[in-house]
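# A look at the structure
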Amino acid sequence: MLPKPTPRPTTVSMPRRTALLAAAAATALAACGGGGSSSDEPPAEPVGQVINSSLRSEATGGSYAIRVYLPPAYATGTATLPTIYVTEGDALYGSSGLAPTRFDTFKQVMQRRGTQAILVGIGGTAQRGTDFLLPGAAVYLNFITKELAPSIERQYRADPKRRALSGLSHGGYFVVAALVIEGMAGALSFSHYLSTESSVGGHGDARAFLAYEKQLDGKPLPATLFLTGAINGNTVLIVNPLYTQMAAQSNPGLTLLRAEYNASHVGADVPAFEDALQRFFP
């Protein structure tokens, strides 16, 4: 069980364990930079609270570092908030051990924008090749939806009707796979899906991946799917064909969005997240 937040905002650091292969998103990290202070300066604005813990999954058998960011207004408010579940929360933007994690980067974006939502970073990037791809993706999805999300919603004022799921590359594929798995079963666990620079997963090529998604044609999908990509990444080969196919399908209730960015494969991650915040929870 995850611990309840303490009243005083604080941020706790944790070891950075795993690295993404590029540092293209580093320019987006300066938004919450500090600086010196003097007696003439007003007090710093609150930045919210981060709670670190871990959760062992009965579904996967693995243990995952979990980081929860609560926005500044959480401590004084009573309203339930949307929750954004971020895969690869411990992945690093860059090869240096001092590089920020995906969770830290997204947190800073939310702080700068003043987004009133809970951010949940899921560690375990080292298991991405098993957790994000079929058949492991179905098991990992059960961990998130049947173990992690209920635990979060017991401990925090998280709205179960406003859940978002975000993933990059294989994680972007996992987001689409989650939609297919639950869409075929007729019960979605998330209201918003952000797939950035999706890979083809374990399907071998884009054609096989498209055939996998095609199973959803005709299924009601009461959710928003945001497909994003990089001009210099997987947009042409994967993201655009996937969008075109899904736009031609009949999926009652589905809001289908697309965007591409002048960035690299990893560099598209931050602008896509900023764009998603504006579209999902303005």
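Conventions used here
- Residues numbered from 1 in each chain as written.
- Predicted model: local features only at pLDDT ≥ 70, side-chain atom pairs only at ≥ 80, totals over all residues.
- Heavy atoms only, no water.
- Helix = DSSP H or I, 4+ residues; strand = E, 2+ residues; numbered from the N terminus.
- Buried < 20%, exposed > 50% of the residue type's maximum accessible area, 1.4 Å probe, protein only.
- Contact = heavy atoms within 4.5 Å.
- Phe/Tyr/Trp six-rings, centres within 6.5 Å; stacked < 30°, edge-to-face > 60°.
- Axes fitted to C-alpha atoms, helices over the stretch in contact; angles between N-to-C directions.
- Parallel < 35°, antiparallel > 145°, perpendicular 65-115°, else oblique.
- Left-handed = near helix turned anticlockwise from the far one by under 90°.
- Nonpolar A, V, L, I, M, F, W, Y, C, P; charged D, E, K, R; others polar.
- Pairing = 2+ DSSP bridges.

## Comments concerning the overall build of the chain
Broken down by element type, the chain carries seven helices and ten strands. Here the chain, with 282 residues, has 54% of them falling under the buried criterion. When contacts within the chain are restricted to residue pairs at least 6 apart in sequence, those whose partners lie at least 24 apart make up 79%.

## So, the packing of aromatic side chains
Between two aromatic rings, the relevant description is the distance of the centres plus the angle of the planes. As enumerated under the stated definition, the model contains twelve aromatic pairs in all. Judged by centre distance (6.2 Å) and plane angle (75°), the rings of Y85 and F190 are edge-to-face. In this pair, Y85 is assigned in strand β4 (residues 81–86) and F190 in the loop between α4 (170–185) and β8 (192–196), connecting sequence segments 105 residues apart. Each member of the pair, Y85 together with F190, is buried.

## Observations regarding the packing of helix α1 (residues 102–113) against helix α7 (residues 269–280)
Between α1 and α7, the shortest axis-to-axis distance is 11 Å and the interhelical angle comes to 40°. Between α1 and α7, the interaxial angle falls into the category oblique. Between α1 and α7 lies a crossing of right-handed hand. Between α1 and α7, the residues in contact are R102, T105, F106, V109, M110, R112 and R113 and D269, V270, F273, E274, L277 and Q278, respectively. Considered class by class, the residues forming the contact of α1 with α7 number six nonpolar, two polar and five charged.

## A look at unusual backbone geometry
Leaving glycine aside, a negative phi is the common case for residues, and trans is the common case for peptide bonds. Geometrically, the link from L134 to P135 is a cis peptide bond, its omega value of 5° lying close to zero. One non-glycine residue with positive phi stands out, namely E88, at about 55°. The exposure class assigned to E88 is buried, which follows from its relative accessible area of 2%. With a phi close to 65°, S169 is a non-glycine residue in the positive phi region. Counting through the fold element by element, S169 comes out in the loop between β7 (158–168) and α4. With relative accessibility at 13%, the residue S169 sits in the buried group.

## Observations concerning the environment of G186
Mapping G186 onto the fold places it in the loop between α4 and β8. The exposure class of G186 is exposed, given its relative accessible area of 64%. Each C-alpha atom, one on G186 and one on L221, is 8.1 Å from the other, the two residues being 35 residues apart in sequence.

## Quick word on the sheet that holds strand β6 (residues 118–122)
With respect to topology, eight strands assemble into an open sheet ordered β2-β3-β6-β4-β7-β8-β9-β10, the strand pairing being mixed. Lying at the two open borders of the sheet, with one neighbouring strand each, are β2 (49–56) and β10 (255–261). Averaged over neighbouring strand pairs, the angle between their axes works out to 20° when direction is ignored. In this structure, β2 lies alongside strand β3 (residues 63–70), joined through eight bridges in antiparallel fashion. Residue pairing in the sheet places V50 in a bridge with Y69 of β3.

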